[in-house]
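So you can see what is in the structure, the chains are spelled out below.
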Amino acid sequence: QLLLLYSKLDRLVSKLHGGSSELASPLKHVWDDIVNDNPSVAEYLAKHIDMQFRNAKLQNSQKFQEQCMQLFCHLQAKDIFEAFYKRDLAKRLLLGKVVSMDVERSMVTLLKAECGAGYTSKMEGMFQDVEWSRETMARYKQSQSLLPVEDISSSSGSGSSVVDMEVQVLTTGYWPVYPQYPNLIVPPYLQLQQERFWNHYKTKYQGRRMTWQYALGNCSVKALFGTKKYELVVSLCQALVLLCFNDTAEDEKGGGWTLPQIMAKTGLEDRSECERLLQSLSLGKDGTRVLRKIDYVDPTTVTASTTSSDTKKKKKPRLVVGDHDVFTINEKFESRMRKIKINNIQWKETKEEHDKLVKGVSRDRLYLIDAVLVRILKARKTILHQQLIPQVLEQVKVPAQPSDIKKRIESLIEREYMERDEQDRNRYKYLA
């Protein structure tokens, strides 16, 4: 709505006054107040761009980008926008949600022109990683094609088909931090593929370390329900959960697994994540429920009246997963589609995740204020408090209050970067 209102007023000013600065300048100050009055505008603008860039029907993307940049220019909290935009850009690149790479690059170019190369360096690094990964995989596949057939087939393990694996190599500093699952139990045939790629990679680039980001992996799993074959497009962790049900002979209860048992078999130690995985496979929308959830009923609470009423009325399974609930293969699963994408249940955005991102931006602001303070003191050697505060506010270019700067001054004095003048307590001196 802000974008529409901005465009409407911009056209009105151009039409009535021919774009003269007499009305445009006061209007600019009004927009500065409107945009910066609500601290969430930067976040909402980044999310709106993400939603539009995922839309394949987006028309006139250049005009849309120009409208977004007009609003972006009024933002003071550009660091908040950067944090959310960078996170959403990473998701689009890694999950294959990019509709047009040219549009993505064009937006980053506009941001770079407005805020400088430092603002977009990590975003440009993401693009470089995606291109470089594509080239690396092409070289890897070419090297594999030169191997004897016996060596290639042996990598799939005994009794299993050849697994085709695509790898994206990401530079740690460019991308957001994702959950780590260090104890995840990966099937042997996938481990062999990982080792083959790592052996190829380390011969080309010595001295580098590689950490597998299992939270970002996705798989295509072939499944057989009765006589019908399906291809399930799932995340790596979802695939590991499904593979547990190939071992129904190990289960004494006849093919069912509980949440603690699945956590032990997969090595997934995050209970909430495992719970979401099981919910996505058993309680999702119609056509994706490949597992069946059997709620545990405490025998001590069951009475004759409740059992008779339960038989008449079919109860829906509980959404919450308990330790004693049992999951089995859904033998009645059917779908008209042969290729089915099962999305993991993602809470829209947990308050904890949101607060963590905002907290990280706030922490970076403190470092920025520290750097500006030291730079000014280093150049001036000595300065009055009344002169220092306005200079810092002018240079940081992010929302900051004089009280925030005073706290950072005290912190720098404690760390002996600066000190107060003994003769004049309002004057600061730089300590080399």
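Up top you'll find the structure we're talking about.
Read on for an overview of the structure.

Each value, and the rule that gives it
- Residues numbered from 1 in each chain as written.
- Predicted model: local features only at pLDDT ≥ 70, side-chain atom pairs only at ≥ 80, totals over all residues.
- Heavy atoms only, no water.
- Helix = DSSP H or I, 4+ residues; strand = E, 2+ residues; numbered from the N terminus.
- Areas by Shrake-Rupley, 256 points an atom, 1.4 Å probe, with all protein chains shown as cover.
- Buried < 20%, exposed > 50% of the residue type's maximum accessible area, 1.4 Å probe, protein only.
- Phe/Tyr/Trp six-rings, centres within 6.5 Å; stacked < 30°, edge-to-face > 60°.
- Lys NZ or Arg CZ within 6 Å of the ring centre and 35° of its normal.
- Salt bridge = Lys/Arg side-chain N within 4 Å of Asp/Glu carboxyl O.
- Pairing = 2+ DSSP bridges.
- Core = buried A, V, L, I, M, F, W, Y, C linked by side-chain atoms within 4.5 Å.
- Contact = heavy atoms within 4.5 Å.
- Axes fitted to C-alpha atoms, helices over the stretch in contact; angles between N-to-C directions.
- Parallel < 35°, antiparallel > 145°, perpendicular 65-115°, else oblique.
- Nonpolar A, V, L, I, M, F, W, Y, C, P; charged D, E, K, R; others polar.

Along the backbone of the protein there are 16 helices and 9 strands. Summing over all exposed atoms, the protein offers an accessible surface of approximately 26900 Å²; the carbon and sulfur share of this is 52%.

A separate point is unusual backbone geometry. Although it is not a glycine, lysine 381 adopts a positive phi angle of roughly 70 degrees. Among the secondary structure elements, lysine 381 is positioned in the loop between helix H14 (351-380) and strand E7 (382-384). Here the phi dihedral of glutamate 416 falls at roughly 65 degrees; this positive angle occurs in a residue that is not glycine. Within the secondary structure, glutamate 416 is located in the loop between helix H16 (402-414) and strand E8 (418-420). On the basis of relative accessibility, which here comes to 62%, the residue glutamate 416 falls in the exposed class.

Here we take up the packing of aromatic side chains. Two aromatic rings, taken as a pair, are described by how far apart their centres are and by the angle between their planes. Taken as a whole, this structure holds 14 aromatic pairs when the rule is applied. Aromatic side chains phenylalanine 225 and tyrosine 230 sit 6.0 Å apart centroid to centroid with 65 degrees between the ring planes, which places their arrangement in the edge-to-face category. With respect to class, phenylalanine 225 is no different from tyrosine 230; both count as buried. An aromatic cluster is built from Trp132, Tyr140, Phe197, Trp198, Tyr201, Tyr205 and Trp212, whose rings are joined through pairwise contacts. Sitting over the face of the ring of phenylalanine 72, lysine 78 holds its NZ or CZ atom 5.2 Å from the ring centroid. The ring of tyrosine 85 has arginine 92 sitting right over it, with the charged end atom 5.5 Å from the ring centre.

The next thing to look at is the pattern of salt bridges. A full pass over the atoms with the stated rule returns 19 salt bridges. A salt bridge links arginine 420 to glutamate 410; the nearest nitrogen and oxygen atoms lie 2.5 Å apart. Highlighted residues: arginine 420 in strand E8 and glutamate 410 in helix H16, separated in sequence by 10 residues. Relative accessible area serves as the criterion here: at 24%, arginine 420 is assigned to the partly exposed category. What makes glutamate 410 partly exposed here is its relative accessible area of 34%. Shared partners join several salt bridges into a network, and the residues in it are Asp50, Arg54, Arg92 and Glu104.

A sheet is described by the order of its strands in space; here 3 strands give the open sequence E3-E5-E4, paired in antiparallel fashion. Two strands close off the open sheet at either side, each with one partner strand: strand E3 (257-258) and strand E4 (291-294). As defined by bridge partners, E4 adjoins strand E5 (residues 326-329) across 4 bridges and the pair is classed as antiparallel. Along E5, the bridge assignment pairs lysine 293 with phenylalanine 327.

Now for the nonpolar core. Ranked by internal contacts, the top residues of the largest apolar core, which has 37 residues, are Ile49, Phe81, Tyr85 and Leu111. Sorting the residues of this core by element identifies helix H2 (21-37), helix H3 (41-53), helix H4 (61-72), helix H5 (78-94), helix H6 (101-115) and helix H7 (117-145) as the ones contributing at least two each. For this core, the element with the most residues is H5, which contributes 9 residues. Discounting residues that sit within four places of it in the chain, tyrosine 85 has contacts with Ala46, Ile49, Phe53, Arg92, Glu104, Met107, Leu111 and Met123. Grouped together as the second largest cluster of nonpolar side chains are 36 residues, Ala239, Val241, Cys244 and Leu291 included.

Where H5 contacts H7, the axes come no closer than 10 Å and their chain directions differ by 5 degrees. Overall, the two elements H5 and H7 adopt an arrangement that is roughly parallel. Of H7, the residues touching H5 (which contributes Lys78, Phe81, Glu82, Tyr85, Lys86, Leu89, Ala90 and Leu93) are Tyr119, Lys122, Met123, Met126, Phe127 and Val130. When its residues are assigned to classes, the contact of H5 with H7 shows 10 nonpolar, no polar and 4 charged.

So, about the pairing of strand E2 (residues 228-235). The pairing of strand E1 (residues 218-225) with E2 spans 8 bridges and is antiparallel. Within E2, the residue paired with leucine 224 across the bridge is lysine 229. Here E1 folds back onto E2 in antiparallel fashion, the turn holding 2 residues, of which glycine 226 has a positive phi close to 70 degrees.

On the basis of which strands lie adjacent, the open sheet formed by 3 strands has the order E7-E9-E8 and antiparallel pairing. This sheet does not close on itself; its edge strands, each paired only once, are E7 and E8. When the angles between neighbouring strand axes are averaged without regard to direction, this sheet yields 25 degrees. Judged from the 3 bridges that link them, E7 and strand E9 (residues 427-430) form a sheet pairing that is antiparallel. Bridge pairing in E9 places isoleucine 383 opposite tyrosine 428.

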